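Okay, here's what each chain looks like letter by letter:
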Amino acid sequence: MPVFDVYISPDEPVYVISVACKLVGLPIWTLRQLDKAGIVCPKRIGKKSRLYSLKDIKRLEYVHFLMEDKHVNIHGIRIILEKEGD
């Protein structure tokens, strides 16, 4: 059976919100709040559907680390990311 390698750009929005929340371990409502706060803004398909890229997933992993391990709130996360140049 042939093996096919598929390259997907890290910027390509491919993950729906339910998959993104499972990948990063954050509830859907938190992802919505992060979007509303402008911290991680997935691409919109239509009015409701959000699609996350691999780059968004990596950023969400860092945000999850800040929230869970460092106990930083959303406002603090925004400040940290601004200072880091993201």
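Everything discussed here concerns the structure shown above.
So, here is what we can say about the structure in this document.

The rules behind the values
Residues numbered from 1 in each chain as written. Predicted model: local features only at pLDDT ≥ 70, side-chain atom pairs only at ≥ 80, totals over all residues. Heavy atoms only, no water. Phe/Tyr/Trp six-rings, centres within 6.5 Å; stacked < 30°, edge-to-face > 60°. Helix = DSSP H or I, 4+ residues; strand = E, 2+ residues; numbered from the N terminus. Buried < 20%, exposed > 50% of the residue type's maximum accessible area, 1.4 Å probe, protein only. Disulfide = S-S within 2.5 Å. Expected span 1.5 Å × (residues − 1). Contact = heavy atoms within 4.5 Å. Salt bridge = Lys/Arg side-chain N within 4 Å of Asp/Glu carboxyl O.

### What to know about the packing of aromatic side chains
- Going through the model one piece at a time under the given rule, you end up with one aromatic pair.
- Their ring planes at 20° and their centres at 6.4 Å tell us that Tyr62 and Phe65 sit as a pair that is stacked. You can see Tyr62 and its partner Phe65 sitting in helix H3 (residues 54-68), three residues apart, about one turn around the helix.
- On the basis of relative accessibility, which here comes to 27%, the residue Tyr62 falls in the partly exposed class.
- What makes Phe65 partly exposed here is its relative accessible area of 35%.

### Looking at the state of the cysteines
- Taken as a whole, this structure holds zero disulfides when the rule is applied.
- Note on Cys21: no disulfide assigned, nearest cysteine sulfur contributed by Cys41 at a separation of 18 Å.

### Re H3
- A rise of 1.5 Å per residue sets the reference length of H3, with its 15 residues, at 21 Å; its end C-alpha atoms lie 21 Å apart and thus fit the reference within 8%.
- Along H3, the residues that are buried comprise Asp56, Ile57, Leu60, Val63 and Leu66.
- In this structure, the buried side of H3 is in contact with strand S1 (15-16), helix H1 (17-24), helix H2 (28-36), strand S3 (49-52) and helix H4 (74-84).

### Concerning the environment of Leu60
- In this fold, Leu60 is placed in helix H3.
- It is 9.1 Å that separates the C-alpha atoms of Leu60 and Cys21, two residues lying 39 residues apart in sequence.

### Here we look at the pattern of salt bridges
- Scanning the entire structure with this criterion turns up three salt bridges.
- In this structure, the salt-bridge partner of Asp11 is Lys55, at a minimum N-O distance of 2.9 Å. Taken together, the positions of Asp11 in the segment before S1 and Lys55 in helix H3 put the pair 44 residues apart, joining distant regions of the chain.
- Where Arg44 meets Asp35, a salt bridge forms, and the shortest distance between an N and an O atom there is 3.0 Å.
- Look at Asp35 and you get buried, because its relative accessible area is 11%.
- Three or more residues joined by partner-sharing salt bridges are found here, namely Asp35, Arg44 and Arg50.

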